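Geometric and topological summary
This is what each chain is made of:
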Amino acid sequence: MSFIVAIDGPAGSGKGTVTKLVAEKLGFITIDTGAMYRCVTVEALNKNIRPTENEKIEEMMNKISIEMENQDGKQKVFLNGKDVTKEIRMPNIDKNVSAFSALPIVRNKITPLQRKMGQNKNVIMEGRDIGTVVFPNANVKIYLDATDEEIAKRRYKQNKEKGIEVTYKQVLEDIKKRNSYDSHREIAPLKQAEDAIYIDSTNLTINEVVEKIIEIINKKRSKY
Ligand code: DC
């Protein structure tokens, strides 16, 4: 028996944090699908491949191995056997990931992998196209949103805590650019599935969002 929860939304809407907390409380496993596109981007940049070099990307995608493991409640990401958990979060990857994730050759390989990872499990999968493309029959679909300004405010604060010096204006510009790119690409763009429940996290705390989602899941499970 499996129960699939899809959480989609723009970068910075809080999907990652919320997914982890909900999964911990319910004993579900989590799959961060963005991490997979980030691995593709690391590999392409390591090999000096540009998003326009179709043949090289195809060759790279035929050889690539991406694995995710949960170690002590934390997700570790392995690219061709190497732990890249930290590397995939670097600013250079943030900047380039949208362009690689928009490519059909990349998505055609990654989407089936995600379906396989979520099979026969109680899983919360978060990304951009989980409720629309990867698992259109998910048991629960959530679309988690927030304004660009709120997202930038949160990111700016996180950066400051990590000692990363970027102005609020720059953070806001980067967020707007990435979320606009992800929403307007041709294949599997970020959008709310028709049957997804919309949650605007702009004025909610993380705990309030977590409680709301748990309530939605429990209600659905009681009828399942
Ligand atoms: O969630 P994230 O910021 O780690 O995602 C990185 C990028 O990957 C994001 O800008 C768009 C892409 N992505 C995607 O196209 N489809 C997904 N299901 C998840 C992420």
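Here's what I pulled together on the structure shown here. (Residues numbered from 1 in each chain as written. Predicted model: local features only at pLDDT ≥ 70, side-chain atom pairs only at ≥ 80, totals over all residues. Heavy atoms only, no water.)

1. Focus: the overall build of the chain
Along the backbone of the chain there are 9 helices and 8 strands. A compact globule built from 224 residues should have a C-alpha radius of gyration of about 17 Å, and the chain, at 17 Å, falls within 12% of that. Overall, the C-alpha framework of the chain stretches about 50 × 40 × 35 Å when taken along its three principal axes. Per-residue burial for the chain yields a buried fraction of 46% across its 224 residues. Contacts spanning at least 24 positions in sequence make up 75% of the contacts within the chain whose residues lie at least 6 apart. Surface accessibility of the chain: about 12300 Å² in total, with carbon and sulfur atoms responsible for 49%. Considering the chain, the positive charge centre built from 38 side chains and the negative charge centre built from 32 side chains are found 1 Å apart. (Helix = DSSP H or I, 4+ residues; strand = E, 2+ residues; numbered from the N terminus. Rg over C-alpha atoms; globule rule 2.2 N^0.38 Å. Buried < 20%, exposed > 50% of the residue type's maximum accessible area, 1.4 Å probe, protein only. Contact = heavy atoms within 4.5 Å. Areas by Shrake-Rupley, 256 points an atom, 1.4 Å probe, with all protein chains shown as cover. Lys, Arg positive; Asp, Glu negative; His and termini not counted. Charge placed at Lys NZ, Arg CZ, Asp CG, Glu CD.)

2. Considerations on the layout of surface pockets
Here the second largest pocket defines a volume of roughly 180 Å³. In terms of lining residues, the second largest pocket is bounded by Ala138, Asn139, Val140, Lys141, Asp195, Ile197, Glu215, Ile216, Lys219, Lys220 and Lys223. For the lining of the second largest pocket, the secondary structure elements donating two or more residues are β7 (140-145) and α9 (206-222). Of all the elements, α9 adds the most residues to the lining of the second largest pocket, at 4 residues. Counted by class, the lining of the second largest pocket contains 4 nonpolar, 1 polar and 6 charged residues. (1 Å grid on protein atoms, 1.4 Å probe; cavity = no way out; pocket = protein on both sides within 12 Å on 5 of 7 lines; lining within 4 Å. Points joined across faces, edges and corners; volume = space filled by probe spheres on them. Nonpolar A, V, L, I, M, F, W, Y, C, P; charged D, E, K, R; others polar.)

3. Some details on the site of the ligand
Surrounding the ligand, one finds 16 residues, the nearest of these being Arg38, Arg107, Asp129, Asp182 and Arg185. Contacts to the ligand include Thr33, whose side-chain N or O atom sits 3.0 Å from a nitrogen atom. In the model, an oxygen atom of the ligand is placed 2.9 Å from a nitrogen or oxygen of the Arg128 side chain. Among the secondary structure elements, those contributing two or more residues to the shell around the ligand are α2 (34-46), α4 (91-101) and α8 (168-184). Across the shell around the ligand, the residue classes tally to 3 nonpolar, 5 polar and 8 charged. (Near = heavy atom within 4 Å. Polar contact = N/O pair within 3.5 Å; in protein donor to acceptor, adjacent residues only side chain to side chain.)

4. Regarding the pattern of salt bridges
One pass over the full model with this rule turns up 14 salt bridges. Salt-bridge contacts for Asp182 lead to Arg128; the nearest nitrogen and oxygen are separated by 3.7 Å. Of this pair, Asp182 sits in helix α8 while Arg128 sits in the loop between β6 (122-127) and α6 (130-134), and the two are 54 residues apart along the sequence. Judged on exposure class, the residue Asp182 and its partner Arg128 are both buried. The salt bridge partner of Glu150 is Arg154, with a shortest N-O separation of 3.1 Å. Of the two residues, Glu150 and Arg154 are both situated in helix α7 (residues 148-162); the distance of 4 residues between them amounts to about one turn of the helix. Using a relative accessible area of 15% as the deciding quantity, one classes Glu150 as buried. (Salt bridge = Lys/Arg side-chain N within 4 Å of Asp/Glu carboxyl O.)

Don't take any of this as a statement about function, it's just geometry.
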